[in-house]
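Topology and contacts: notes
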Amino acid sequence: MHTMKFLPLVAAAVIAACSNDSVTNPVPVLPQATVLTATGNIAAEVDAFRNALGPSNGATAGEQPTGRREISWDGAGANPFDNKNDFPADFFNTNVKSGAIFTTSGTGFRNDSTLFAEINPAYASQFNFFSATKIFTPIGSNQLDQLFQVAGQPTPAVVRAYGVVFSDVDLADKTTIQLFAQDGSSLGTFAAPIRSDPAGLSFLGVTFDQPIIARVRITLGTGALAPNVNDVTAAGGTVDLVVLDNLIYGEPKKAF
Ligand SMILES: [Ca+2]
Ligand SMILES: [Ca+2]
């Protein structure tokens, strides 16, 4: 496990010395983030991240005083939408009230119980799940955004922490989460660790003291899943394909 206090680079910008009396522009100071990463057997670190946020609020509607939300993709309620490329972007705040809305510049989303073998048979040996047995990807893009709402309501919300379980991170600094504040400013970009074993799981979690995360941009490796696209570790592969499993985040609090 690696835990560290992280200051995004912009906060460390150097103020140039001035020889005259002009006013120096203030350097923006970003809130300090605590970053937790793990690979290999990630279960203990994922539990530590969960526990630091407090008890699970499940799919309870309405803003709760403390705790966390989690999307595992595994619930039976998603079954009618699984293994297709049009998984509803608002499923996890309408059907299941977890306060999550997704967007992508691609063509859709896929919640998959076959390790994506129906897209490309080679994927079944490439990807793995953390929570059995479904995993998730955008279609037509390797990026997706998560926005937050008060659980069960169309009310914009913010969270204090965000964590992701990734499957099959092969290249350094390509699989990332970028966090944004309500005003659209970046709170930092954080990279997932390369997988350390054939099981291929990696975890990345970022925590702030206050609920300030309004949007998360997840970048999965360097390419999108497709029938003729293979992972960089497979024959003929040129891109790092990465998918995601559990999303764990602080309780969505109404944004003001
Ligand atoms: Ca799962
Ligand atoms: Ca990969």
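As shown above, the structure is provided for reference.
The notes below deal with the structure included here. (Residues numbered from 1 in each chain as written. Chains lettered and ligands numbered in written order. Predicted model: local features only at pLDDT ≥ 70, side-chain atom pairs only at ≥ 80, totals over all residues. Heavy atoms only, no water.)

1. Observations concerning the overall build of the protein chain
Counting its regular elements, the protein chain contains one helix and 15 strands. Its C-alpha atoms give the protein chain principal-axis dimensions of about 65 × 45 × 35 Å. Counting every position in the protein chain, which comprises 256 residues, the buried fraction comes to 48%. Residue pairs in contact within the protein chain that sit at least 24 positions apart in sequence constitute 73% of those at least 6 positions apart. On the protein chain, the mean spot of the 15 positive side-chain charges and the mean spot of the 22 negative ones are 6 Å from each other. (Helix = DSSP H or I, 4+ residues; strand = E, 2+ residues; numbered from the N terminus. Buried < 20%, exposed > 50% of the residue type's maximum accessible area, 1.4 Å probe, protein only. Contact = heavy atoms within 4.5 Å. Lys, Arg positive; Asp, Glu negative; His and termini not counted. Charge placed at Lys NZ, Arg CZ, Asp CG, Glu CD.)

2. Some remarks on the sheet that holds strand E4 (residues 100-103)
The strand order E4-E7-E13-E10-E11 describes an open sheet built from five strands, whose pairing is antiparallel. Here the strands that pair on one side only, and so sit at the sheet edges, are E4 and strand E11 (186-191). Strand-to-strand twist of the sheet, defined as the mean angle between neighbouring strand axes without regard to direction, takes the value 20 degrees. In terms of strand pairing, strand E10 (residues 176-180) meets E11 through five bridges, oriented antiparallel. Each bridged residue has a counterpart across the sheet, and for Ile177 the counterpart in E11 is Phe190. (Pairing = 2+ DSSP bridges. Axes fitted to C-alpha atoms, helices over the stretch in contact; angles between N-to-C directions.)

3. Observations concerning unusual backbone geometry
Omega for the bond connecting Ala132 with Thr133 falls within 30 degrees of zero, at -5 degrees, which places this linkage in the cis form. Within the fold, Thr133 resides in the loop between strand E5 (108-112) and strand E6 (135-139). Although it is not a glycine, Asn83 adopts a positive phi angle of roughly 60 degrees. Along the chain, the position of Asn83 falls in the loop between strand E3 (68-71) and E4. With phi around 65 degrees, Asp173 is a residue other than glycine that occupies positive phi space. Among the secondary structure elements, Asp173 is positioned in the loop between strand E9 (161-167) and E10. Here Asp173 falls in the exposed class, since its relative accessible area comes to 59%.

4. Brief notes about the coordination of the calcium ion (ligand 1)
Summarising the metal site, the calcium ion (ligand 1) is bound by the protein donors Ser72 (O), Asp74 (OD), Asp74 (OD), Ser131 (O), Ser131 (OG), Lys134 (O), Asp245 (OD) and Asp245 (OD), whose distances to it range over 2.4 to 3.0 Å. Counting residues between consecutive donors of the calcium ion (ligand 1) along the chain gives the motif S-x1-D-x56-S-x2-K-x110-D. Judged by its relative accessible area of 14%, Ser131 falls in the buried class. (Donors = N, O, S within 2.8 Å, 3.2 Å for Na, K, Ca; no water.)

5. Regarding the pairing of E10
Along any regular strand the residues' side chains alternate between the sheet's two faces. Most of E10 is tucked away, with four of its five residues classed as buried. Counted along the chain from E10 to the antiparallel partner E11, the turn is five residues long, and its residue Gly184 has a positive phi close to 90 degrees. Across five bridges, E10 lies against strand E13 (residues 215-219) in antiparallel orientation. Residue pairing in the sheet places Leu179 in a bridge with Val216 of E13.

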